[in-house]
Amino acid sequence: MDKINKTSGVLKEKGIFSTRTLRVAILGVVIITLFSIAWNVGSWASTPESDFKFDELTGTIIRYKGEDSNVEIPSEIEGVPVTTIGEGAFQGCSLTSITIPDSVTTIGDFAFRGCTSLTSITIPDSVTTIGEDVFSNCDNLTSITLPDSVTTIGDNVFWECTSLTSIKIPDSVTTIGY
C-alpha cells in the first residue's frame, strides 16, 4: 500500500492522477484480470459446439472437428439433445480424456477407435449400448468402468487396448460380442 501511496503522490504532484482515479484504475485492472481468468477457465472446461459436426434430426455427433485433448461433449447442440455418438465420430483423434453427458444413450461403432492417447473416459449412467470396436486400439486406456445402465456391448470393443488392466462389466449386460 505504501508503494501505491508513493506512486499516487508522485502522479498527484505532477497533476496526472488523483488518488481516487488511481484506485479506480487499479480496481479496473483487477476486475479485467479476474474476468479474463474466469473466461479462459470456462472455455477450457466446456468444448465449443462448433467443434462437432452434428445431425440435428437424430441428435448424433457425426464427427469431432476440434483439436483439444480434453473434451467435454455438450448435452445439447443448438438446443437439440445429444443422444448418440455416431460411428467413428472421434476415430483417430488425439484425445487424452473425454466426458460424455447424461443425454447420451448410444455410443456407435468405432466411436473412439485408434484414439491412442486416450487414458480417461467418463461414461454416464444413461448409456445403454456400446457398439463394435468402440475403444479398439486405444493403447493408453488403462481402466474403464461401465455403468449399470449398459445392456449391450458390441464385438471387439477393447481389441488391442494393450494398457487396459481393469474392466468392470455390470450385471445389467445381457448381450456382449466376442
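From a predicted model like this one, the values you see are computed outputs, not experimental measurements.

Peer 1: Explain the packing of aromatic side chains here, please?
Peer 2: In this description, a pair of aromatic rings is defined by centroid distance and the angle of the planes. Under the definition given, this model contains six aromatic pairs. Note on Tyr64 and Phe90: the rings are 5.4 Å apart at their centroids and 20° apart in plane angle, and the pair reads as stacked. In this pair, Tyr64 sits in strand E2 (residues 60-64) while Phe90 sits in the loop between strand E6 (84-85) and strand E7 (97-99), placing the two residues 26 residues apart along the sequence. Centre to centre, the rings of Phe112 and Phe135 are 5.7 Å apart; their planes meet at 5°, and the pair counts as stacked. You can see Phe112 sitting in the loop between strand E8 (106-107) and strand E9 (120-122) and its partner Phe135 sitting in the loop between strand E10 (129-130) and strand E11 (143-145), a full 23 residues away along the chain. Exposure class is identical for Phe112 and Phe135. Each is buried.

Peer 1: Help me understand the confidence of the model for the protein, please; the structure alone is not making it clear to me.
Peer 2: Predicted coordinates in areas of low pLDDT are best not read in detail. Per-residue confidence for the protein averages 85 on the pLDDT scale, and 75% of its residues sit at or above 70. Low pLDDT, under 50, characterises residues 36-44; the predicted model gives this stretch one contact beyond four residues in sequence or across chains.

Peer 1: Can you help me understand the nonpolar core in this one?
Peer 2: If you look at soluble globular proteins, the nonpolar side chains tend to sit buried side by side. Counting 39 residues, the largest nonpolar core has Ile73, Ile85, Phe90, Leu95, Phe112 and Phe135 as the members making the most contacts within it. Elements represented by at least two residues in this core include exactly strand E1 (52-55) and E2. Setting aside chain neighbours within four positions, we find Leu95 in contact with Tyr64, Asp68, Ser69, Val71, Phe90, Phe112, Cys115, Ser117 and Leu118.

Peer 1: In this structure, what is going on with unusual backbone geometry? I would like to understand it.
Peer 2: Most peptide bonds take the trans form, and the phi angle of most residues other than glycine is negative. Its identity is not glycine, yet Phe110 carries a phi of approximately 60°, on the positive side. Position of Phe110 among the secondary structure elements: in the loop between E8 and E9. We note that Asp133 has phi near 55°; this positive angle belongs to a residue other than glycine. Looking at the secondary structure, you find Asp133 in the loop between E10 and E11. Here Asp133 falls in the buried class, since its relative accessible area comes to 10%.

Cut-offs applied
As a convention, each chain's residues are numbered from 1 in the sequence order in which they are written. In keeping with the predicted nature of the model, local features appear solely for residues at pLDDT of at least 70, side-chain atom pairs appear and are counted solely at 80 or more, and the whole-chain, interface and lining totals rest on all residues. The side-chain figures draw on all heavy atoms in the structure; neither hydrogens nor water molecules are used. Aromatic pairing here means that ring centres of Phe, Tyr or Trp (its six-membered ring) are within 6.5 Å. Orientation follows from the plane angle: under 30 degrees is stacked, over 60 is edge-to-face, and everything else is tilted. A helix here means a DSSP run of H or I that spans at least four residues, while a strand means a run of E at least two residues long, and both kinds are numbered starting from the N terminus. Per-residue accessibility, obtained with a 1.4 Å probe over protein chains only, is compared with the maximum for each type, and a residue is labelled buried under 20%, exposed over 50%, and partly exposed between these values. pLDDT is a per-residue confidence score from the predictor, ranging from 0 to 100. Note on contacts: a residue pair is in contact if any heavy atoms of the two residues lie within 4.5 Å. Buried residues of nine kinds, namely Ala, Val, Leu, Ile, Met, Phe, Trp, Tyr and Cys, make up a nonpolar core once their side-chain atoms join them within 4.5 Å.

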